[in-house]
Amino acid sequence: MDLSLQDLDEILYNNMKKRWQFTDGDCDILVRGDSVLPNIKYLELARVIISDIDMYKNMAIDFMETFLNISGKWYLFETNFGCIINENKYEFSMTFSYEDDKYVNTYFVVYFRSQIIEPRYKGTKAVGLEIGFY
């Protein structure tokens, strides 16, 4: 994974989509915020998660493979901190594609709840899965 903390230093405000984002060839980073600054809570969460991105990526893949009963090659193409639809239930998400002709034009989103924002939770957990089509 080429995603690193340095990428967060390069996030820019996307006025059309009303969020902060970094886009490169591998994985987009989205962070909630206003037109002046990214939201501090979600920016800090992004720093923590991205600093150990492989662990969280593997956690998400394990969750998907267990739930869907498939295994194979997954590609992370978006990490989303606070810009998700139900921000009160989930703090961040990771969106993947799957290398298989059976899942062409399909995306998989794993939603996480985090002890970083909600200390009452016992660790960061993958708690939701969405499957969609392009």
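Our subject is the structure listed above.
Rules used throughout
- Every residue gets a number counted from 1 within its own chain, in the order that chain's sequence is written.
- In view of the model being predicted, local features appear only for residues whose pLDDT reaches at least 70, and side-chain atom pairs are presented and counted only at 80 or more, with totals across whole chains, interfaces and linings using the full set of residues.
- The side-chain numbers reported here are obtained from all heavy atoms of the structure, hydrogens and water having been left aside.
- A run of H or I in DSSP counts as a helix once it spans at least four residues, and a run of E counts as a strand once it spans at least two, with each numbered from the N terminus.
- Helix span, as expected, comes to 1.5 Å for every residue beyond the first.
- Relative accessibility under 20% of the residue-type maximum defines a buried residue, over 50% an exposed one, and the middle range a partly exposed one, all with a 1.4 Å probe and only protein chains included.
- What the arc measures is the spread of directions leading from the helix axis to the C-beta atoms.
- Side-chain atoms within 4.5 Å link the members of a nonpolar core, which is a set of buried Ala, Val, Leu, Ile, Met, Phe, Trp, Tyr and Cys residues.
- The contact criterion used is simple: two residues touch if any of their non-hydrogen atoms lie within 4.5 Å.
- Paired strands, as defined in this entry, are two strands with at least two bridges between them according to DSSP.
- Each axis is a line fitted through C-alpha atoms, and for a helix only the stretch in contact is used; angles between axes span 0 to 180 degrees, taken between their N-to-C directions.
- Identification of polar contacts relies on pairs of N or O atoms within 3.5 Å, with a donor-acceptor requirement for protein atoms, meaning one able to donate a hydrogen and the other able to accept it, and with residues adjacent in sequence counted only if both atoms are side-chain atoms.

Visitor: When you look at helix H3 (residues 53-68) in this model, what are you seeing that I'm missing?
Guide: Along an α-helix, residues three or four apart share an orientation, since each turn contains 3.6 residues. For H3, which comprises 16 residues, the first-to-last C-alpha distance of 22 Å matches the rise-based estimate of 22 Å (1.5 Å per residue) to within 8%. Three or more residues of H3 are buried, namely Ile 53, Tyr 56, Lys 57, Ala 60, Ile 61 and Met 64. Buried residues of H3, viewed axially, fall in a sector of 135 degrees; they line one side. Asn 69 sits one or two residues past H3 and shows a positive phi near 60 degrees.

Visitor: Help me understand the nonpolar core in this model?
Guide: What tends to happen in soluble globular proteins is that the nonpolar side chains get buried as a cluster. Residues Leu 8, Val 31, Trp 74, Phe 81, Phe 92, Met 94 and Phe 96 are the most contacted members of the largest nonpolar core, which totals 30 residues. Those elements that place two or more of their residues in this core are strand E2 (19-22), strand E3 (28-31), helix H2 (40-51), H3, strand E4 (74-81), strand E5 (92-98) and strand E6 (106-113). Element by element, the count of residues in this core is highest for H2, at six residues. In this structure, Phe 81 is in contact with Ile 29, Leu 30, Val 31, Arg 32, Tyr 42, Leu 45, Ala 46, Ile 49, Ile 50, Glu 91 and Phe 92, ignoring residues within four places of it in sequence.

Visitor: Before we go on, may I ask you to explain the sheet that holds E3 in this structure?
Guide: With mixed pairing, seven strands are arranged side by side in an open sheet as E1-E2-E3-E4-E5-E6-E7. In this open sheet, the two edge strands, each paired with only one partner strand, are strand E1 (12-14) and strand E7 (125-133). When strand polarity is set aside, the average angle formed by the axes of neighbouring strands in this sheet is 25 degrees. Where E5 lies against E6, five bridges are found, and the strand directions are antiparallel. Looking across to E6, one finds that Phe 92 is bridged to Phe 112. Set on the sheet, H2 makes contact with E3, E4 and E5; between it and E4 the angle comes to about 155 degrees. Relative to the sheet, H3 contacts E4, E5, E6 and E7, its axis offset from that of E7 by approximately 65 degrees.

Visitor: Would you take a moment to explain the environment of Phe 133 for this structure?
Guide: Assignment of secondary structure puts Phe 133 in strand E7. Judged by relative accessible area, Phe 133 falls into the exposed class, the value being 63%. Taking C-alpha positions, Phe 133 is 5.6 Å from Asn 105, a pair spaced 28 residues apart along the chain. Once residues within four sequence positions are removed from consideration, Phe 133 is found in contact with Asn 105, Thr 106 and Tyr 107.

Visitor: Would you explain H2 in this entry?
Guide: Along its 12 residues, H2 runs 16 Å from first to last C-alpha, staying within 8% of the 16 Å computed at 1.5 Å per residue. Those residues of H2 that fall on the buried side of the exposure criterion are Tyr 42, Leu 43, Leu 45, Ala 46, Ile 49 and Ile 50. One side of H2 holds all its buried residues, which, seen down the axis, span an arc of 160 degrees. Buried residues in H2 make contact with helix H1 (5-8), E3, H3, E4 and E5. Residue Asn 39 occupies the N-cap position of H2, its side-chain oxygen lying 2.9 Å from the main-chain nitrogen of Lys 41.

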